Structure formats: C-alpha cells, structure tokens
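# Fold and geometry: a report
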Amino acid sequence: MSLESVRHFFAEHAPDIDIIEMPESTATVELAARVHGVMPGQIAKTLSLKVKDAVVLIVTRGDARLDNRKLKAALGAKARMLSVDEVVNWTGHPVGGVCPFGLENPLTVYCDVTLRGFDEVLPAAGSIHSAVRISPQRMAELTAAKWIDVCEAL
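Residues numbered from 1 in each chain as written. Predicted model: local features only at pLDDT ≥ 70, side-chain atom pairs only at ≥ 80, totals over all residues. Heavy atoms only, no water.

Another aspect to go through is the pairing of strand E6 (residues 108-112). In terms of burial, E6 is largely enclosed, as four of its five residues are buried. Note that strand E3 (residues 54-61) and E6 share four bridges and pair parallel. Across the sheet, isoleucine 58 pairs through a bridge with tyrosine 110, a residue of E6. Bridge count between E6 and strand E9 (residues 146-148): three bridges; the pairing is parallel. Its bridge partner being in E9, tyrosine 110 is matched across the sheet by lysine 146. (Buried < 20%, exposed > 50% of the residue type's maximum accessible area, 1.4 Å probe, protein only. Helix = DSSP H or I, 4+ residues; strand = E, 2+ residues; numbered from the N terminus. Pairing = 2+ DSSP bridges.)

Attention now moves to unusual backbone geometry. Look at lysine 52: it is not a glycine, yet its phi comes out positive at around 55°. For alanine 144, which is not glycine, the phi torsion reads 55° and is therefore positive. In this structure, alanine 144 sits in the loop between helix H5 (136-143) and E9.

With the rule as written, the count across this model stands at eight salt bridges. The residue aspartate 16 makes a salt bridge to arginine 138 at a minimum N-O spacing of 2.8 Å. Here aspartate 16 is found in the loop between helix H1 (2-13) and strand E1 (19-21), whereas its partner arginine 138 is found in helix H5, with 122 residues between them in sequence. Classification of aspartate 16 by relative accessible area gives exposed; the value is 52%. Connected through salt bridges with shared partners, the residues Glu4, Arg7 and Glu21 form a single ionic network. (Salt bridge = Lys/Arg side-chain N within 4 Å of Asp/Glu carboxyl O.)

Encoded structure:
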C-alpha cells in the first residue's frame, strides 16, 4: 500500500520521476548507498519526530545526524523520534521506506540544508526496496518543505 501511495503521488505531481525498485533491501543508508552505487550522503533519509503535539518529518543526507541544540532552536522544543508503530501510523510507510511522498496524514516536512550539497539525492519511495532520484530543490518543492539547519554532516 505504501509504495502504491507514492506511485499515486508521483503520477499526480511529477509523472517525469520514475520509482526505482530493487530486489535488494535499501532499508538502511549503508544498504541503499551500496545498492544504488552512490555515497551515503546522497541517500536522503527521512526522520519522523514528535515536537510538542506535532509530528514532523525531517529529510537530511544519509551521513548526517540531528543536532539537538539546533533542532530545539529551529522548532522551539525538544523532539523525540517516533516508535516503529507511530511511524507507520503517521506516515503510512514502513521504517526503512519512509519518505515525504504519498503520506497517510498531512505532515509538515523540513529539508535540512545539508542536502543542498548534492545535485541529486535518493530518498526511499514507500518501501524498503524502492527509491527515486531527485534534486533536493525539487523534493522540497513537491513536498512544500521548509529548509532548516538542524543536522551535522559526519
């Protein structure tokens, strides 16, 4: 169902973008980078967080990690990662396939500025075997994402 919601999203909003399906799992940054033959930083990982009463998504480069001080300053409160069940309930996507496209519920999406270091990134596409190739700017435009600086590249 999740991959199908992403298919529907792209058919409606960006029919020029193809979903890449692979037989191998791409559920982690390391696996996805290996399967797609790119640097780990080019994998756009989507983090699902609860900030106060809101659930938000932050898309960042695969080799970055959240900086809690920056996150609190940008969003006005501490954040916590969602549990596996919460991720599925809020996004409709399984952990390892979470992306900002074809969401189960409307969520605020943020793109971390570290993504701007790449011309093309590969976020998941609703399953642990799918992804898309997209520019960070186009991803932000398609998801109405706001750019923020809350991560540190490793």
